[in-house]
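As a plain string of letters, each chain reads:
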Amino acid sequence: KRIEAEGMENRWQRHQEMAEIVRTWATGHEWGMFPADGFSSPTVSCISRQNGPDFVPALATLKEQGILVSNGYGNLKGKTFRIGHMGEHTPDDIRELIAIFERAYMEKLIESTAGNIAAAARKARIDRMYVYKLLDRYQIEVPSRAKNQT
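Predicted model only: the values in this text are computed from it and were never measured.

Student: In this structure, what is going on with the side chain of Glu102? I would like to understand it.
Tutor: Considering the arrangement of structural elements, one finds Glu102 in helix 4 (residues 91–112). In contact with Glu102, other than residues within four places in its own chain, are Trp25, His29, Tyr130, Leu134, Arg137 and Tyr138.

Written as structure tokens, this is what we have:
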């Protein structure tokens, strides 16, 4: 009944919108899409680490929170992860998942560099100002940053 109420065409459009949200976000972090162009699924995105930062610690944090984002398996473990965008998920659900993932990712990144923002930016291959922006967005406290601001 839910499918009929939404309509198949609207449902497919929603899946495609969620896929675009995930893929735009992923490529903005220097991650890539695992399947070659033209072979991606409208219902799940398989994101490849490529030259981007290690995402595995963030996946573990999400799992502790009861959110399962599937790590790759076999020889792809630690090199890919998958985010589903099908069924009853909505674009807002996907945006919320991305925010939770980013917060977990940033917390683990900052922890791994003992609070060194410049080292975190280098490790993540992102601009240091973007690191500050994410820290502010997710209200992540960094002791070394607080000392520098007083």
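That covers the picture; the talk isn't over yet.
Student: Honestly, the nonpolar core in this entry has me stumped. Any pointers?
Tutor: Core analysis: the biggest nonpolar cluster contains 34 residues, and Trp25, Phe81, Ile83 and Phe101 have the highest contact counts within it. Looking at this core element by element, the count peaks at 9 residues for helix 4.

Student: What is the right way to look at helix 4 in this model?
Tutor: A turn of α-helix holds 3.6 residues, and therefore any two residues three or four places apart point the same way. End to end, helix 4 covers 31 Å across 22 residues, agreeing with the expected 32 Å (1.5 Å per residue, within 8%). Turning to helix 4, its buried residues are Pro91, Ile94, Leu97, Ile98, Phe101, Glu102, Ala104, Tyr105, Met106, Leu109 and Ile110. On its buried face, helix 4 is in contact with helix 2 (8–27), helix 3 (56–64), strand 4 (80–84), helix 5 (117–124) and helix 6 (128–137).

Student: Please clarify how the pattern of salt bridges should be interpreted in this entry.
Tutor: Here the idea is simple: oppositely charged side chains can pair when their charged atoms come close. In the structure shown here, the tally under the stated rule is 7 salt bridges. Between Arg95 and Asp92 there is a salt bridge, and its shortest N-O distance comes to 3.0 Å. Of this pair, Arg95 and Asp92 both sit in helix 4, separated by 3 residues, roughly a single helical turn. You can call Arg95 partly exposed: its relative accessible area is 40%. Taking the shortest distance from any N to any O, the salt bridge between Glu107 and Arg103 comes out at 3.2 Å. Of the two residues, Glu107 and Arg103 are both situated in helix 4; the distance of 4 residues between them amounts to about one turn of the helix. With a relative accessible area of 31%, Arg103 lands in the partly exposed category. One continuous salt-bridge network, built from bridges that share partners, spans Glu6, Arg11, Arg14 and Glu88.

Student: So what exactly am I meant to see when it comes to the packing of helix 2 against helix 4 here?
Tutor: How two helices pack is summed up by the angle between their axes together with the distance between the axes. Packing of helix 2 against helix 4 brings their axes to within 9 Å, and their N-to-C directions diverge by 20°. On the basis of the axis angle, helix 2 is roughly parallel to helix 4. At the point where helix 2 passes helix 4, the crossing takes the right-handed sense. Of the residues in helix 4, those in contact with Arg14, Glu17, Met18, Ile21, Val22 and Trp25 of helix 2 are Pro91, Ile94, Arg95, Ile98, Phe101 and Glu102. Of the residues that constitute the contact of helix 2 with helix 4, the class distribution is 8 nonpolar, no polar and 4 charged.

Parameters and conventions
- Position numbers for residues count from 1 along each chain, tracking the sequence in the order it is written.
- Confidence filtering applies because this is a predicted model: local features only for residues at pLDDT of at least 70, side-chain atom pairs given and counted only at 80 or more, and all residues used for totals across whole chains, interfaces and linings.
- Derived side-chain values reflect all non-hydrogen atoms in the structure, with water molecules and hydrogen atoms excluded from consideration.
- Starting at the N terminus, helices and strands are each numbered in turn, a helix being any DSSP run of H or I of at least four residues and a strand any DSSP run of E of at least two.
- Contacts are assigned to residue pairs that have any heavy atoms within 4.5 Å of one another.
- Take the buried Ala, Val, Leu, Ile, Met, Phe, Trp, Tyr and Cys residues and link them wherever side-chain atoms come within 4.5 Å; each set so joined is a nonpolar core.
- Classification of residues uses two cut-offs on accessible area relative to the type maximum, computed with a 1.4 Å probe and protein chains only: under 20% is buried, over 50% is exposed, and between them is partly exposed.
- One less than the residue count of a helix, multiplied by 1.5 Å, gives the span that helix is expected to have.
- The working definition used for a salt bridge is a side-chain nitrogen of Lys or Arg within 4 Å of a carboxyl oxygen of Asp or Glu.
- Here an axis means a line fitted to C-alpha atoms, over the contact stretch when the element is a helix, while the angle between two N-to-C directions is reported on a 0 to 180 degree scale.
- The scheme is simple: roughly parallel for angles under 35 degrees, roughly antiparallel for over 145, roughly perpendicular for 65 to 115, oblique for anything else.
- Left-handed describes a crossing in which the near helix is turned anticlockwise from the far one by less than a right angle; the clockwise case is right-handed.
- Residues are grouped as follows: nonpolar covers Ala, Val, Leu, Ile, Met, Phe, Trp, Tyr, Cys and Pro; charged covers Asp, Glu, Lys and Arg; every other residue, Gly included, is treated as polar.

All we've got here are geometric facts, nothing functional implied.
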